[in-house]
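# Fold and contact review
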Amino acid sequence: MASESSFDIVNKVERQEVDNAVNQAAKEISQRFDFKNVDAQIEWSGESIAMQASTEERVNAVLDVFKDKLVKRQISLKGLDADEPKLSGKIYKITATIAAGITQENAKKLSKLIRDEGPKGVKAQIQGEELRVSSKSRDDLQAVQALIKGQDLDFAVQFVNYR
């Protein structure tokens, strides 16, 4: 009897990569001419990233610089949740968070997709914030990965623990 092969579908973001993107964005903001005299800055604020500037368009430009740095570090923007600019005194602020983990609702959607459109004999089970997919055939698992990559999901996924 062949042993079962499996992999996990997760949504993990490397905190160090996000930290590097924040630092690179801060450096670019401090050096660019269009950010002079607008009190533009970006920094960690607990588990979220705080951006600020003296005008709404400049704080949106700070967010664009940060998004650019995330993309260059291969971090999906699907996990970035930035709110609208808010006026706080004379400064506009944006708070952004990076989502990690697959919600129960999204895990159920993926599980249903695998059941409905995936190869027969493939099992998917939800384990906390990840989804374990298992099958006797490695080819079926690769077919499931191709199926999920082909979907236009509103959240980022990675495949880990391929055994």
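Here's a quick rundown of the structure. Residue positions are counted from 1 within each chain, in the order its sequence is given. Selection of residues for local features in this predicted model requires a pLDDT of at least 70, selection of side-chain atom pairs for listing and counting requires 80 or more, and totals for whole chains, interfaces and linings are taken over all residues. Water and hydrogen atoms were dropped before computing side-chain values, which therefore reflect all heavy atoms in the structure.

## Quick look at helix H2 (residues 56-72)
With 17 residues, H2 extends 25 Å between its outermost C-alpha atoms, agreeing within 8% with the 24 Å of an ideal straight helix rising 1.5 Å per residue. A simple rule labels every residue: compare its accessible area, found with a 1.4 Å probe on the protein chains alone, to the largest value its type can have, and call it buried under 20%, exposed over 50%, or partly exposed in between. Only runs of H or I of at least four residues qualify as helices and only runs of E of at least two qualify as strands under DSSP, and these elements are numbered from the N terminus. Within H2, the full set of buried residues consists of Arg-58, Val-59, Ala-61, Val-62, Leu-63, Val-65, Phe-66, Lys-69 and Leu-70. Once H2 finishes, Gln-74 follows within two positions and takes phi at roughly 55°, a positive value. Take the number of residues in a helix, subtract one, and multiply by 1.5 Å to get its expected span.

## Some points on the pattern of salt bridges
By convention in these notes, a salt bridge is any Lys or Arg side-chain nitrogen within 4 Å of a carboxyl oxygen on Asp or Glu. One pass over the full model with this rule turns up 12 salt bridges. Of the charged contacts, one joins Lys-69 and Glu-28 as a salt bridge, the two residues approaching to 2.8 Å between their closest N and O atoms. With Lys-69 in helix H2 and Glu-28 in helix H1 (residues 15-31), the pair connects residues that are 41 residues apart, well separated along the chain. Note on Glu-28: relative accessible area 21%, which makes it partly exposed. Each member of the salt-bridge network shares a partner with another, and the members are Glu-28, Arg-32, Asp-34, Arg-58 and Lys-69.

## Topic: the side chain of Asp-8
On the secondary structure map, Asp-8 appears in strand E1 (residues 5-10). Under the relative-accessibility criterion, Asp-8 is labelled buried at 0%. Here a polar contact is taken to be a pair of N or O atoms separated by no more than 3.5 Å, where protein atoms must pair a possible hydrogen donor with a possible acceptor and residues adjacent in sequence count only if both atoms sit in side chains. Here Arg-132 takes part through its side chain, which lies 2.6 Å from a polar atom of the side chain of Asp-8. If near-sequence neighbours (up to four positions away) are discounted, Asp-8 is found in contact with Glu-130, Leu-131, Arg-132, Gln-158, Phe-159, Val-160 and Asn-161. The contact criterion used is simple: two residues touch if any of their non-hydrogen atoms lie within 4.5 Å.

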